[in-house]
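Listed below are the residues making up each chain.
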Amino acid sequence: MDFSILKTLTSLPGISGRESAVRQYVQQQVAPYADDVKTDPLGNLIVYKKGSSSKNLLLAAHMDEVGLMVHYVGADGFLRFVVVGGIDPRTLLAQRVTVHTAGGPLAGVIGTRPAHVTTEADRGKAVPVKDLFIDVGLSGAEAQTRVQPGDFVTLRREYEEFGSGFITAKSLDNRSGVFVLLEFLKEIKNPFYNIYAVFTVQEEVGLRGAVTAAYGVEADVALAVDTTGAADIPGTSPQDYITALGQGVGVTALDARTITHEGLFESLKRLCLEKQIRYQVRIAPRGGNDAGAIHLSKTGVACCALSIPTRYIHSNTEVQFKEDIEQTLALVLAVAQTDLAL
């Protein structure tokens, strides 16, 4: 796998509803390998590749990342914002951000009242979003001229490889899933299924792109390629890990939005064993992904989420293990070439 592509993907801005930069890059990458490429009215990118059978496989990976949106520009030049997607406010304080304006990007930092003017009781609490602001280094008049309510904001953190096969970056959720589908489309030669690889929008705010994309595809089986939390860190008991880095692709049995079709779940585990693909069963009482929308489309679709384990998810320092991403790709390739017994 060419991880320089993942590095580029994580550098692109694209909060929910503002995914155009990611979509344009993905379209450029997939065009040589597709039989058809189109964008639907909501912004999903749908890539079709003909297979050898009449059956259809829907693959989904969401392009959007969690982020912020400006809702007020003060006379003092400081920006107030709302969160877009599920961000823990504890991860925002003192972070660098990029404000995307009509005139171009602006660098900024997230601040709040400094410790020396707060009480001891205040310092022991997480700072709520309403008490945070973005400092773009401009006067009030300059800020109000250059920044408008509705401008979106992304967290800033460069892609970096570290340790023994680990990577960290912002927006690994879910640019790593997008990366898997890009590499899949480049590698797959003669799929059994007709492939509909859908790069979806607005997953982080309610699986919205997956709703419309799934409705437009008569899928026989579907996979949502996404990330999932990995709590394999100090202070967490092993039974609460959900997934662990280095243990392979997470094959979902259950999360808050989906109970995986029994036949598909068993077929995926069997395929992993046959192809020597490292996997772990994902059971997550909280959280969901595009599978939650896809499996309810029309009369129902057999669907499973394939999840890449991710530490510190929904922050700008997400961490993944490169081999887990490779194992995820291996399973998607295997599925596309196999008439699954459901």
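Residues numbered from 1 in each chain as written. Predicted model: local features only at pLDDT ≥ 70, side-chain atom pairs only at ≥ 80, totals over all residues. Heavy atoms only, no water.

## Looking at the side chain of Thr310
So, step 1. Looking at the element boundaries, Thr310 is found in strand β16 (residues 302–310).
So, step 2. If near-sequence neighbours (up to four positions away) are discounted, Thr310 is found in contact with Thr227, Thr228, Gly229, Ala230, Leu245, Glu318, Val319 and Gln320. (Helix = DSSP H or I, 4+ residues; strand = E, 2+ residues; numbered from the N terminus. Contact = heavy atoms within 4.5 Å.)

## A look at empty space enclosed by the protein
So, step 1. Tallied over the entire structure, the rule returns one cavity of 30 Å³ or more.
So, step 2. Lining the largest cavity, in full, are Glu65, Val66, Leu155, Lys170, Ser171, Asp173, Glu204, His314, Ser315 and Glu318.
So, step 3. A class-by-class count of the residues in the lining of the largest cavity yields two nonpolar, three polar and five charged. (1 Å grid on protein atoms, 1.4 Å probe; cavity = no way out; pocket = protein on both sides within 12 Å on 5 of 7 lines; lining within 4 Å. Points joined across faces, edges and corners; volume = space filled by probe spheres on them. Nonpolar A, V, L, I, M, F, W, Y, C, P; charged D, E, K, R; others polar.)

## Quick notes on helix α1 (residues 3–11)
So, step 1. Of the residues making up α1, those classed as buried are Phe3, Ile5, Leu6, Leu9 and Thr10. Buried residues along α1 cover an arc of 140° about the axis, so they all sit on one side.
So, step 2. As for α1, its buried residues are in contact with α2 (20–30), β10 (160–162), β11 (166–169), α5 (172–187) and α9 (322–336). (Buried < 20%, exposed > 50% of the residue type's maximum accessible area, 1.4 Å probe, protein only. Arc of directions from axis to C-beta.)

## Regarding the sheet that holds strand β9 (residues 152–155)
Strand-to-strand pairing in sheets goes through backbone hydrogen bonds, with the strands running parallel or antiparallel.
So, step 1. Spatially, the six strands close up into a barrel ordered β4-β5-β8-β7-β6-β9, and their pairing is antiparallel. Neighbour-to-neighbour, the strand axes of this sheet turn through a mean angle of 45°, independent of strand direction. (Pairing = 2+ DSSP bridges. Axes fitted to C-alpha atoms, helices over the stretch in contact; angles between N-to-C directions.)

## Digging into the packing of aromatic side chains
So, step 1. Taken as a whole and judged by the stated rule, the model has six aromatic pairs.
So, step 2. By the ring-pair criterion, three or more aromatic residues cluster together here, those being Phe162, Phe166 and Phe321.
So, step 3. Lying across the ring of Phe3, Lys322 places its NZ or CZ 4.6 Å from the centre. (Phe/Tyr/Trp six-rings, centres within 6.5 Å; stacked < 30°, edge-to-face > 60°. Lys NZ or Arg CZ within 6 Å of the ring centre and 35° of its normal.)

## Quick look at the pairing of strand β5 (residues 78–84)
Two faces belong to every sheet, and in a regular strand the side chains alternate between them.
So, step 1. Alignment of strand β4 (residues 67–73) against β5, held across six bridges, turns out to be antiparallel. Bridged to Leu68 within β5 is Val83.
So, step 2. Turn length for the β4-β5 hairpin, with the two strands adjacent in sequence and antiparallel, is four residues, and the turn residue Gly77 shows positive phi of about 90°.

## Some points on a nonpolar patch on the surface
So, step 1. Taken together, the side chains of Leu254, Ile259, Val281 and Ile283 define a hydrophobic patch exposed on the protein surface, amounting to about 340 Å² of accessible area.
So, step 2. Structurally, the position occupied by Val281 is in strand β15 (residues 279–283). (Patch = residues over 30% accessible without salt bridge, like charges linked within 9 Å, V, L, I, M, F, W, Y side chains within 5 Å. Areas by Shrake-Rupley, 256 points an atom, 1.4 Å probe, with all protein chains shown as cover. Salt bridge = Lys/Arg side-chain N within 4 Å of Asp/Glu carboxyl O.)

## Things to note about the packing of α2 against α5
So, step 1. Contact geometry of α2 with α5 gives a least axis separation of 10 Å together with a crossing angle of 20°. One way to sum up the angle between α2 and α5 is to call them roughly parallel. Crossing of α2 over α5 shows right-handed handedness. Side by side, α2 and α5 meet where Val22, Val26, Gln29 and Val30 of the first sit next to Arg175, Val178, Leu182, Leu185 and Lys186 of the second. (Parallel < 35°, antiparallel > 145°, perpendicular 65-115°, else oblique. Left-handed = near helix turned anticlockwise from the far one by under 90°.)

## Digging into the pattern of salt bridges
So, step 1. Taken as a whole and judged by the stated rule, the model has 12 salt bridges.
So, step 2. Here Lys269 and Glu266 are joined by a salt bridge, their closest N and O atoms 3.4 Å apart. Of the two residues, Lys269 and Glu266 are both situated in helix α7 (residues 262–275); the distance of three residues between them amounts to about one turn of the helix.
So, step 3. When salt bridges that share partners are traced, they join Glu65, Lys170 and Arg175 into one network.

## Concerning the layout of surface pockets
So, step 1. Approximately 860 Å³ is the volume found for the largest pocket.
So, step 2. For the lining of the largest pocket, the element with the most residues is strand β13 (residues 221–229), which contributes four residues.
So, step 3. When the residues that make up the lining of the largest pocket are grouped by side-chain class, the tally is six nonpolar, 12 polar and nine charged.

## A word on the sheet that holds strand β12 (residues 194–200)
So, step 1. Taken together, eight strands build an open sheet; the order of strands is β1-β2-β12-β3-β13-β16-β14-β15 and the sheet is mixed. Across the chains shown, the open sheet's two edge strands, defined by having one partner strand only, are β1 (36–39) and β15. Going from strand to strand, the sheet's axes swing by 25° on average, the running direction of each strand aside.
So, step 2. Bridge analysis of β1 against strand β2 (residues 45–49) gives four bridges, and the strand direction is antiparallel. Within the sheet, the bridge partner assigned to Asp36 lies in β2 and is Tyr48.

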